[in-house]
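# Structural overview
Below, each chain spelled out in residue letters.
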Amino acid sequence: MINAPSMDDRRPYIDNWKPGEGAVWLTKLDQALRLAQTNSIWPLTAGLACCAIEMMCTAAARFDQARFGAEVYRATPRQADLLIVSGRMSWKMAPIVRELWEQMPHPKWCISMGACASCGGVFQTYSIVPGVDQIVPVDVYVPGCPPRPEALLDALIKLQNKIRSGQAKNPFAEPAGRMDGA
Amino acid sequence: MSTLQDLKIHLQSALGAQAQRIWIEAEALIVFVESSGIRHALTKLRDDPDTSFDIMSFMTAVDYHPRQPRFEVVYELYSTRRKHRVRIKCLLAAPKNELELPEIDTVSDIYLAANWHERECYDLMGIHFRKHPDLRRILLPARWDGHPLRKEYPFDGKREWNLGTTVIDGALMEGDLGL
Ligand code: SF4
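Everything numeric in this text was worked out from a predicted model, so none of it was measured. (Residues numbered from 1 in each chain as written. Chains lettered and ligands numbered in written order. Predicted model: local features only at pLDDT ≥ 70, side-chain atom pairs only at ≥ 80, totals over all residues. Heavy atoms only, no water.)

### A closer look at the packing of aromatic side chains
Put simply, the rule reads: The criterion for an aromatic pair is that two Phe, Tyr or Trp rings (for Trp, the six-membered ring) have centres within 6.5 Å, with stacked assigned to planes under 30 degrees apart, edge-to-face to planes over 60 apart and tilted to the rest. Three exposure classes are used, based on accessible area relative to the maximum for each residue type with a 1.4 Å probe and protein chains only: buried under 20%, partly exposed in between, and exposed over 50%. Working rule: Lys NZ or Arg CZ, within 6 Å of ring centre, within 35 degrees of ring normal, means a charge sits over the ring.
A full pass over the atoms with the stated rule returns 2 aromatic pairs over all chains. Each ring, one from Trp23 of chain B and one from Phe32 of chain B, has its centre 5.8 Å from the other, and the planes form 20°; the classification is stacked. You can call Phe32 of chain B buried: its relative accessible area is 9%. Over the ring of Trp101 of chain A we find Lys108 of chain A; its NZ or CZ atom is 4.8 Å from the centre of that ring. Over the ring of Tyr64 of chain B we find Arg67 of chain B; its NZ or CZ atom is 4.3 Å from the centre of that ring.

The following block contains the structure:
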């Protein structure tokens, strides 16, 4: 397989480029696609608990998620490609979140935000899902209760790196913790 | 009916033998009523102009396992006209057969507020309210197994986790969200 030229390979062409001259970059189609996907993530407007407040804050002016091309929160799963599970998820809510996930078009990614979403957090009880990776496949986990907006932005950048390098979860991946083997 | 003491004396004469025990504790008047007579007692307390308990603040149930009788159903009544409160309690024994639920008559037609409270009691504590118009689970998913506020229920509900996954698969397959 022919590998697309690296940045170092392109360096001489870039350095010697003069205005008015034409320039051609070679790349692979899926690399170009991944670059586009990386920089235009549309998250789903879905908040589950207190972490959602911090998620809103991340999108607002002070922390400004728009700097990373991920500010277009969509109010319908059919236009979203990132599910941020922000907060504790109850067993009663789980089928609904799963339904939202199924409604999102491929490719799609998931960030598990906060201690509760990642492992149940302080809610070690019968009604809370002990880790949303039992319900949806998770790409990045964010610790904290709640995580600071910087932490969420860091998770976003980590996710972008994963998407750019093609290491993000297979969009058809199954949740990690499915106990019935289905 | 100015003081709690007066109210106590009045309730004693109004309820008669129905009030099994009646006493004042921490500025609250507490009355134990025979569970079979709960409808009669609450109707009387609501309609008697001297008591006129027109609002049910809440009702709930307590599990005193392993004491017998095991369950206690608690009704907290308030009178907006006379500005006084009373706490009515009923003892319920757990049935011999573990699969059966302890039973008491519904009061949801006497106090409308009791409708959802009784559903919550049924959902979390597993108490069956006879003749309730719509005794379904109210907080937990419809397919939940067991009553989690009972003492024998595992604290973190691990037993239920597997069930939870099946709940989701079932709900997605049948296109119904189990609500
Ligand atoms: S991790 Fe903390 S802030 Fe986030 S949902 Fe749980 S309790 Fe709330």
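### Describing the environment of Gly87 of chain A
Residue and element names in this part refer to chain A. For clarity, the cut-off: Going along the chain from the N terminus, every DSSP run of H or I of four or more residues is numbered as a helix, and every run of E of two or more is numbered as a strand. Residue contacts are counted whenever heavy atoms from the two residues lie within 4.5 Å of one another.
By the element assignment, Gly87 lies in the loop between β1 (82-86) and α4 (94-103). For the pair Gly87 and Gly114, spaced 27 residues apart in sequence, the C-alpha separation works out to 6.3 Å. Aside from chain neighbours lying at most four places away, what touches Gly87 is Leu48, Ala49, Cys51, Met113, Cys116 and Ala117.

### Section: the confidence of the model for chain A
Just so we agree on the cut-off: Known as pLDDT, the predictor's per-residue confidence is scaled from 0 to 100.
The predicted model of chain A averages 84 in pLDDT, with 88% of residues at 70 or higher. Between residues 177-182 of chain A, whose pLDDT stays under 50, and residues either more than four places distant or in other chains, the model counts 13 contacts.

### So, the pairing of strand β1 (residues 19-25) of chain B
All names here are of chain B. Heads up, the condition is: In this analysis, strands are considered paired if DSSP registers two or more bridges between them.
As paired elements, β1 and strand β2 (residues 28-33) share 6 bridges and run antiparallel to each other. Bridging across to β2, Ile22 finds its partner in Val31. Hairpin geometry of β1 and β2 is characterised by an intervening segment of 2 residues between the two adjacent antiparallel strands and by a positive phi of about 50° at Ala26.

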